Structure formats: structure tokens, C-alpha cells
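# Structural characterization, general
These are the residues of each chain, in order.
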Amino acid sequence: MATLAGVFVWDGQRIEEEELQRSAQEMKHMENISSLFQGDAQRLDPRVEQGEQPWEMIMDKKHFKLWRRPIEGTHLYQYRVFGSYTDVTPRQFFNVQLDTEYRKKWDSLVIKLDVIERDLATGSEVIHWVTHFPYPMYSRDYVYVRRYSVDQENNLMVLVSRAVEHPSVPEDPEYVRVRTYESQMVIRPHKTFDENGFDYLLTYSDNPQTVFPRYCLSWMVSSGMPDFLEKLHTAALKAKKLELEVRDYLSAKGLEGAEGKAPAAEHKGEGSRSPAQLEYA
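Residues numbered from 1 in each chain as written. Predicted model: local features only at pLDDT ≥ 70, side-chain atom pairs only at ≥ 80, totals over all residues. Heavy atoms only, no water.

## Let's talk about the overall build of the protein chain
Rule in force here: We count a stretch as a helix when DSSP gives it H or I for four or more residues in a row; a strand needs E for two or more, and each element gets its number in order from the N terminus. Summary of the burial criterion: residues with accessible area below 20% of their type's maximum are buried, those above 50% are exposed, and those between are partly exposed, where the area comes from a 1.4 Å probe applied to protein chains only. In what follows, a contact means two residues having at least one pair of non-hydrogen atoms within 4.5 Å. All accessible-area figures derive from a Shrake-Rupley calculation using a 1.4 Å probe, and residue coverage is judged against the displayed protein chains alone.
Check the secondary structure of the protein chain and you find 4 helices and 12 strands. Sorting the 281 residues of the protein chain into buried and exposed places 55% on the buried side. Considering only intrachain contacts with a sequence separation of at least 6, the fraction spanning at least 24 residues in the protein chain is 63%. A total of about 13400 Å² of accessible surface is found on the protein chain, and carbon and sulfur atoms cover 49% of it.

## Looking at the packing of aromatic side chains
Stated formally: The aromatic pairing rule takes the rings of Phe, Tyr and Trp, using the six-membered ring of Trp, and pairs them if the centres are within 6.5 Å, calling planes under 30 degrees apart stacked, those over 60 edge-to-face and the rest tilted. A ring is considered to have a charge above it if a Lys NZ or an Arg CZ atom is located within 6 Å of its centre and within 35 degrees of its normal.
Applying the stated criterion across every chain yields a total of 16 aromatic pairs. Relative to Tyr 249, the ring of Tyr 148 has its centre 5.7 Å away and its plane inclined at 80 degrees; by these criteria the two rings are edge-to-face. Taken as a pair, Tyr 148 in strand β8 (residues 140–151) and Tyr 249 in the segment after α4 (214–242) lie far apart in primary sequence, 101 residues in all. Here the two residues Tyr 148 and Tyr 249 agree in accessibility, since each one is buried. Taken together, the ring pairs connect Trp 129, Tyr 142, Tyr 144, Tyr 181 and Tyr 204 into an aromatic cluster. Arg 68 extends its terminal NZ or CZ atom over the ring of Tyr 77, reaching a point 4.3 Å from the ring centre. Sitting over the face of the ring of Phe 133, Arg 140 holds its NZ or CZ atom 4.9 Å from the ring centroid.

## Quick look at the pattern of salt bridges
Inclusion rule: Only one rule defines a salt bridge in this text: a Lys or Arg side-chain nitrogen within 4 Å of an Asp or Glu carboxyl oxygen.
Within the structure shown, the criterion is met by 17 salt bridges. Each of Asp 11, Arg 14 and Asp 119 takes part in a single network of salt bridges with overlapping partners.

## What to know about the side chain of His 233
Heads up, the rule is: Under this definition, polar contacts are N or O atom pairs within 3.5 Å; protein pairs additionally need one hydrogen-donor-capable and one acceptor-capable atom, and for neighbouring residues in sequence, both atoms have to be side-chain atoms.
Tracing the chain through its elements places His 233 in helix α4. Here the side chain of His 233 touches Asp 87 through a polar contact of 2.7 Å, side chain to side chain. At a separation of 2.9 Å, a polar atom in the side chain of His 233 contacts the side chain of Glu 230. Apart from the residues within four sequence positions on either side, His 233 is in contact with Tyr 85, Asp 87, Val 88 and Phe 93.

## Topic: the pairing of strand β12 (residues 198–206)
Spelled out, the test is: One bridge is not enough; two strands pair if DSSP finds at least two bridges between them.
Across the 9 residues that make up β12, a large majority, 9, are buried. Every second residue of β12 is oriented toward a common face, with Phe 198, Tyr 200, Leu 202, Tyr 204 and Asp 206 on one face and Asp 199, Leu 201, Thr 203 and Ser 205 on the other, all of them buried. Two strands pair when backbone bridges link them, and strand β5 (residues 77–85) and β12 are joined in this way by 7 bridges, in the antiparallel orientation. The partner of Phe 82 across the bridge, within β12, is Leu 201. By the bridge criterion, 9 bridges tie strand β11 (residues 181–189) to β12 in an arrangement that is antiparallel.

## Some points on the pairing of strand β7 (residues 125–131)
For β7, a buried count of 7 out of 7 residues is recorded, marking the element as mostly surrounded by other parts of the structure. Side chains of β7 alternate between two faces, with Glu 125, Ile 127, Trp 129 and Thr 131 and Val 126, His 128 and Val 130 buried alike. Both strand β6 (residues 110–118) and β7 contribute to a ladder of 7 bridges, which runs antiparallel. Considered in β7, the bridge of Lys 112 is made with Val 130. The antiparallel hairpin formed by β6 and β7 contains 6 residues in its connecting segment, where Gly 123 sits at a positive phi of about 85 degrees.

Below is the structure:
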């Protein structure tokens, strides 16, 4: 049980070390086959375990490749992106993704983004995130646990998130609660955490509770994911250029697999919505 008499129970809900390690292993697999099949994008397939659905490439650009595969027993897809940036440091990109306060400034679709609770044992955090969805759909709200790790020895950064329930965030009739959501982001610096250039692997799935057919939802997600990543990239560049204050999560606990928490407060953003714009945590 995640909750007991109004108290959130971390056992079984926190992000464990094994989940972080699995994500790191997926990045190592992509790097290995990328090196093996240089220039042959169609053979650059994410790993498929026995009994799993194969991945289908749906977007192939020079610095960005996107796959999807059906989630068995549902009308949904899981998505995977393998890409790179050369004009921003891994530290800057990672910090901008984690900093909830800064996201309220650069992401016009955010309605609310709060850190609800933090697990002292692992640094896992429970986040409440409310975002605009394309018109005419209701806004969606997510309650999810996240944990990040900075592995200095292996030169990797990992962020894992998945949906949970929390007693202090009951459903709000103004929003549609998304109860199925998972995200794993892994970043590999080309050199160091503080020099420009890195590869990243993002794996993502959720059930936004829409009535649209599968092909329509797939189009929205596959269009919205590159857009979100570019907004995140632009926000990192802006923070770098203007020397904006963004919390340094890598230094929070001295780079020893640190986990940190950013202070958060309720914020409502009005921003406009693109017809195909979905957001990603």
C-alpha cells in the first residue's frame, strides 16, 4: 500500500538503485550498437528482451532518433529517443531538467509543479505536476516519484520517474489524473560534466486518458517529444548565456550519487497551447 491513514509509505514506492542501474545498462547497449552500426540508423535498434515487442523507428535525424513499440494489452506505445547536443554542458542540461522553479519560467504549459515529499533514504522525491493539454482536452495532472543519480566513476547521469499516489494530492475535478507514467533519462558526457557535448537516451510512456485513436495519440506524442527536448535545450542555453541561477543538483551532495530537492511553490501559467503539444517530465 502506498498510503496508510493519510501517510505516504515509501516502501515499494521509492526508486531503487536497481532501476537506476537498468537505465544505465540501456544506455551502454545503445552506445555499443551505435558504435557497431555507425551510419546505419535502421540497424540501430534498442535492446529487446525475450517476449517483448520490437521497436519501430519513426524519426531519423542526424542528432535525434525516435522509436516506438506497442505496450502489450493496451492501445498505447512506449517511446525511446537517442540523441545528442554539442553546445551545452551535461551539468547545465541535467540541472535545467531537474529544477522545478526554473521550469515554471521556461515552460508555458506548466500550471503547477510542486515537490510534495522527499525520501531521506534514497533522495527520491514525490512531484505534483499539472500541465495544459492540447485544446479542447482538460489539463492533466501527474503525481510521480523521481530519483536521480550522478555516477562520476562511469561518467553517467540518470533520472528515473514513475507514477505513484500520494494522500496529500487527491484528484481534482478540474484536471484528469494520469495514473500510468514512466520516464528514464540517461546522459553520457562526451568528455566531462562541465564541457559541452553529450549523448542522451530518453525512454517514456504514459496513458493520458484520451479518447483519441492510437494513431492520433502516437502522432501527438512523436511530434511533442522533439519539441519538448528542444525547449529544454533552449532553456539550458538561455540559463548559460544569461548566467541565470539554476540549482546545481550535481553539487548537492558532492557528486557521490547525489539526490537533491528543489524548493517548490504553486504557480499558475497561462501560456498558449499548440494543437499537438504534449509535455514530458
